[in-house]
Amino acid sequence: MSQLEGLTLAESYLFEVEGGKFLYDINRMMILEVDDAIWDYCIAAGNGAASPRNEVAGLHGDDVADAVVEDLKQAGLLVAKDQSRAAPGPQPPTGFSGVTLHVTHGCNLKCTYCFAKQGDYGLGHSLMKGDTAHKAVDWLAEHADGEQSARITFFGGEPMMNMRAVSDTVEYANEKFARSGTDVRYNMTTNGTLLNDKNVKTLAQTKNIDIQVSLDGGPGVNDQFRVFANGRGSYDLVARGIERLKKATGKVILRGTIPPGAPEFGESLRHFIEDLGGTTVAFEPMSGTTLDGKTLDEGDVEAIKAEWEIVAEYFIAHAKNGEIKPVSQLVRLLTQLHKRKKTVYGCTAGWSHVAVDPGGDIYPCHRFVGEAQWKMGNVHEETLDESIREKFAQNTVDQREPCKSCWVRYTCGGHCAHHAKEATGTISDPDPVRCDLMRHMTDLALKTYVRVAPYRDKIAEQSSKAI
C-alpha cells in the first residue's frame with residue numbers, strides 16, 4: 001500500500017517573506033517555515049497534481065520526496081481525506097452577553113457618509129427614556145448567558161446628547177448586576193464634539209467604561225466629511241475633547257472611517273497615535289453610500305490595500321525598537337495568530353448581542369435598527385423572535401459558502417452581517433469587497449507575524465489592553 005494511501009495535504013496557504021518560505025495551516029492556525037522540497041510538494045498538491053510526491057521526486061529525487069512525505073506526516077500536514085477540514089466551530093451560548101442602547105436618535109453632526117441617516121435611522125429624532133433603558137437592562141439580566149460579565153454600549157446618533165440616560169443606566173445596571181455577582185463593562189461611541197469638562201468628568205468617574213471617539217484624520221481630511229449642519233468642520237472641537245479625555249482617563253480610543261475618494265488613511269493613523277495620543281486606533285472602510293451616492297470603487301480598495309502595507313511597515317519598524325503601536329486591526333490579527341484563536345462569527349450580533357432603540361424595539365445590532373424585517377422584539381413587551389436569532393446563530397463560516405472554502409475564514413469569521421446584507425441581499429453571502437480586503441489583511445498579518453517574531457508576546461499583551 002502506498003505511504004500516501006487515503007491521505008491528503010491539510011488545508012494550507014503558502015507565502016514568502018524576507019527570503020523564507022512559509023506554510024499557514026488553516027485549520028490549526030499554525031505557521032511553519034518550510035524548505036524548497038516541501039514548498040514544491042504543496043504547490044503541486046494545490047495545483048491538483050495526481051501525485052505531488054512524484055512531482056517532488058522529479059525535481060529533487062526519490063529520497064528527498066520520501067523525506068518530504070515523512071516530514072509532512074510528522075508535522076500533521078498529511079491527514080485523512082475525510083479529516084482535511086476542521087469540525088464545525090462551537091455553537092453559540094444559550095444566553096446574551098451584551099446590549100447596545102440607542103439612548104438618542106439624533107446627532108449634532110451631518111457626516112456625509114452616515115449609515116444611520118444622520119442619526120435617527122429614518123425613525124425620527126427621539127431620546128431613550130429611563131424606563132426603557134431600565135427595561136433593556138432587565139431584559140439583558142433575564143437573558144444573560146450565565147458568564148460573569150456583561151457589556152452595555154451607549155450609541156446613537158450622538159449618545160452624549162442624552163447623558164442623563166447614560167448616567168442613570170450605569171447606576172441602575174451596576175445595582176442590578178451586582179446582585180448576581182456579574183461584572184458590567186460599558187462602551188460608548190461618540191463623535192467627540194460634546195467632550196466638554198462636565199461630560200468628561202462624568203465619564204472619568206464611571207467605572208469600567210471605554211469611550212470610542214470617531215474621527216477621520218487631521219482637519220484637512222476630517223472636515224471634508226464630519227461636519228455640522230452649517231458645513232463647519234468638527235476637528236478642532238473634537239481634538240480639544242480628546243485632550244480632555246486623555247488627561248482624565250489615560251486612554252484615547254479612536255476610530256476612523258475610510259470614505260470613497262480618500263483612501264489614504266496611513267498618515268491619519270500616525271497622526272492619531274503620534275499627535276493625539278491614541279491608545280487604540282482603528283480605520284474601517286465606509287459601508288453603503290454617501291449622501292451624493294458614492295461607494296468605494298476598485299481604485300479605493302486597491303489604495304486601501306497599499307495603505308495597509310505602509311501601516312504594516314510603520315508598525316514593524318517600531319516593534320523592532322520595542323514599541324508596539326496600537327494599530328487595532330494588526331494587533332488583533334497578530335494576537336489571533338499567536339494564540340491560534342479561531343473565530344467563526346464576524347461578530348456577536350443577533351445571537352449574543354442585540355441593540356435596543358429609543359422605543360424599546362430589539363434588533364440584531366445597531367446597523368439593523370429601523371429595518372422592520374429584522375426587528376426581534378421589544379423590551380417593554382418582553383418578546384424575542386428566536387427565528388431571527390437562529391439565522392445569526394447558524395451563520396458561521398463553517399456553515400456557509402463561500403466562507404467555508406476561504407482560507408481566511410478563521411481570522412475573519414465572515415465579517416459584518418449587515419455589510420453582507422447591503423452588498424448581496426442576505427446575511428449569509430459576504431460582501432466581496434470586505435472579503436478581498438480581509439484576505440489582503442490576513443496575508444499581511446502572516447508576513448508581519450514572521451517579521452516581528454521576538455515581540456509576539458508583547459503584541460498579545462497590547463491586545464489584551466485594547467477595546
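Refer to the structure presented above.
Bear in mind the structure is a predicted one, so any value in this text is a computation, not a measurement.

A closer look at the overall build of the protein chain
Within the protein chain one finds 16 helices and 16 strands. For the protein chain, the C-alpha radius of gyration of 24 Å lies close to 23 Å, the compact-globule estimate for 467 residues. Contacts in the protein chain between residues at least 24 apart in sequence constitute 71% of all its contacts with a sequence separation of at least 6. Here the protein chain displays about 20,300 Å² of accessible surface, and carbon together with sulfur accounts for 48% of that area. A gap of 6 Å separates the mean positions of the 51 positive and 64 negative side-chain charges of the protein chain.

Quick look at the side chain of Asp 431
Inspection of the secondary structure puts Asp 431 in the loop between α14 (417–424) and α15 (432–451). In terms of polar contacts, Asp 431 uses its side chain to reach the backbone amide nitrogen of Val 433, at 3.0 Å. What Asp 431 contacts, discounting residues up to four positions off in sequence, is His 419, Ala 420 and Ala 423.

A few points about the packing of aromatic side chains
Inspection of every chain in the model, using the stated rule, returns 15 aromatic pairs. For the ring pair Phe 368 and Phe 392, a centre distance of 5.6 Å and an interplane angle of 85° mean the geometry is edge-to-face. Here Phe 368 is found in the loop between β15 (361–363) and β16 (377–378), whereas its partner Phe 392 is found in helix α12 (residues 386–393), with 24 residues between them in sequence. The same class applies to Phe 368 as to Phe 392, namely buried. An aromatic cluster is defined as three or more aromatic residues linked by ring pairs; in this entry it consists of Tyr 13, Phe 15, Phe 22, Tyr 24 and Trp 407. Over the face of the ring belonging to Tyr 314 we find Arg 270, whose NZ or CZ atom lies 5.8 Å from the ring centre. The aromatic ring of Phe 96 is capped on one face by Arg 389, whose charged end is 4.1 Å from the ring centroid.

Quick notes on the packing of helix α9 (residues 266–274) against helix α10 (residues 298–319)
Axis separation between α9 and α10 bottoms out at 9 Å; the angle between their running directions is 35°. Residues Gly 266, Glu 267, Leu 269, Arg 270, Ile 273 and Glu 274 of α9 form the contact with α10, whose participating residues are Glu 307, Ile 310, Val 311, Tyr 314 and His 318. A breakdown of the residues in the contact of α9 with α10 according to their chemical character gives 5 nonpolar, 2 polar and 4 charged.

Concerning the nonpolar core
Core analysis: the largest hydrophobic core is formed by 108 residues, its most contacted members being Tyr 24, Leu 101, Ile 152 and Phe 154. If near-sequence neighbours (up to four positions away) are discounted, Tyr 24 is found in contact with Glu 11, Ser 12, Tyr 13, Phe 15, Met 29, Met 30, Ile 31, Leu 337, Trp 407, Thr 411 and Leu 446. Among the nonpolar cores identified, the runner-up in size contains 18 residues, and Leu 9, Val 34, Tyr 41 and Val 69 belong to it.

A few points about the environment of Lys 117
Note on placement: Lys 117 falls in the loop between β7 (104–105) and β8 (126–127). A relative accessible area of 52% places Lys 117 in the exposed class. Sequence separation between Lys 117 and Cys 107 is 10 residues, and the spatial gap between their C-alpha atoms is 9.8 Å.

Some remarks on the pairing of strand β6 (residues 98–102)
In terms of burial, β6 is largely enclosed, as 5 of its 5 residues are buried. Going residue by residue along β6, you find Gly 98, Thr 100 and His 102 tucked away on one face and Val 99 and Leu 101 tucked away on the opposite face as well. The pairing of β6 with strand β9 (residues 149–155) spans 5 bridges and is parallel. Paired with Thr 100 across the bridge in β9 is Thr 153. As judged from the 4 bridges shared by β6 and strand β14 (residues 353–356), these two strands associate in the parallel manner. Bridge pairing links Leu 101 to Val 356 in β14.

Description of the sheet that holds strand β3 (residues 20–25)
Reading across from one edge, β2-β3-β4 is the order of the 3 strands in this open sheet, with antiparallel pairing throughout. Looking along the sheet, the strands with just one partner apiece sit at the ends: β2 (12–17) and β4 (30–34). Ignoring which end each strand starts from, the neighbouring axes of this sheet average 30° apart. Of the strand pairs in this sheet, β2 and β3 are connected by 6 bridges, and their pairing is antiparallel. Looking across to β3, one finds that Val 17 is bridged to Gly 20. Sheet strands touched by helix α1 (residues 36–46): β2, β3 and β4. Its angle to β2, the strand with the most contacts, is close to 135°.

What about the pattern of salt bridges?
Using the criterion set out here, one finds 24 salt bridges in the structure. With its nearest N and O atoms 2.7 Å apart, the salt bridge here joins Lys 325 to Glu 323. According to the relative accessible area criterion, Glu 323 is partly exposed, its value standing at 37%. Look at the salt bridges and you will find they share partners, linking Glu 16, Lys 21 and Asp 36 into a network.

Thoughts on the pairing of β4
Looking at chain direction, β3 and β4 are connected through 5 bridges and run antiparallel. Of the residues in β4, the one forming a bridge with Lys 21 is Val 34. The antiparallel pairing of β3 with β4 creates a hairpin that spans 4 residues between the two strands, and Met 29 there sits at a positive phi of about 50°.

Describing the packing of helix α6 (residues 197–204) against helix α8 (residues 235–249)
Axis separation between α6 and α8 bottoms out at 10 Å; the angle between their running directions is 30°. α8 is crossed by α6, and the crossing has right-handed handedness. Here Asp 197, Val 200 and Ala 204 of α6 come into contact with α8, specifically with Arg 244, Leu 245, Ala 248 and Thr 249. Classifying every residue of the contact of α6 with α8 gives 4 nonpolar, 1 polar and 2 charged.

Observations concerning the side chain of Thr 169
For Thr 169, the location among the structural elements is in helix α5 (residues 163–178). The exposure class of Thr 169 is buried, given its relative accessible area of 0%. A polar contact of 2.6 Å, which involves the side chain of Thr 169, links it to the backbone oxygen of Ala 165. Apart from the residues within four sequence positions on either side, Thr 169 is in contact with Leu 101, Ala 133, Val 137 and Phe 154.

Considerations on the sheet that holds strand β12 (residues 253–258)
Working definition: the strands of a sheet are paired by backbone hydrogen bonds and lie parallel or antiparallel to each other. Taken in spatial order, the 9 strands line up as β13-β12-β11-β10-β9-β6-β14-β15-β16 in an open sheet, and their pairing is mixed. If you trace the sheet from one side to the other, it starts and ends with β13 (280–285) and β16, each paired once.

Here's the deal with the environment of Asn 321
Here Asn 321 is to be found in the loop between α10 and α11 (328–339). Taking the C-alpha atoms as reference points, Asn 321 and Tyr 455, separated by 134 residues in sequence, lie 9.7 Å from one another.

What counts, and at which threshold
Residues numbered from 1 in each chain as written. Predicted model: local features only at pLDDT ≥ 70, side-chain atom pairs only at ≥ 80, totals over all residues. Heavy atoms only, no water. Helix = DSSP H or I, 4+ residues; strand = E, 2+ residues; numbered from the N terminus. Rg over C-alpha atoms; globule rule 2.2 N^0.38 Å. Contact = heavy atoms within 4.5 Å. Areas by Shrake-Rupley, 256 points an atom, 1.4 Å probe, with all protein chains shown as cover. Lys, Arg positive; Asp, Glu negative; His and termini not counted. Charge placed at Lys NZ, Arg CZ, Asp CG, Glu CD. Polar contact = N/O pair within 3.5 Å; in protein donor to acceptor, adjacent residues only side chain to side chain. Phe/Tyr/Trp six-rings, centres within 6.5 Å; stacked < 30°, edge-to-face > 60°. Buried < 20%, exposed > 50% of the residue type's maximum accessible area, 1.4 Å probe, protein only. Lys NZ or Arg CZ within 6 Å of the ring centre and 35° of its normal. Axes fitted to C-alpha atoms, helices over the stretch in contact; angles between N-to-C directions. Nonpolar A, V, L, I, M, F, W, Y, C, P; charged D, E, K, R; others polar. Core = buried A, V, L, I, M, F, W, Y, C linked by side-chain atoms within 4.5 Å. Pairing = 2+ DSSP bridges. Salt bridge = Lys/Arg side-chain N within 4 Å of Asp/Glu carboxyl O. Left-handed = near helix turned anticlockwise from the far one by under 90°.

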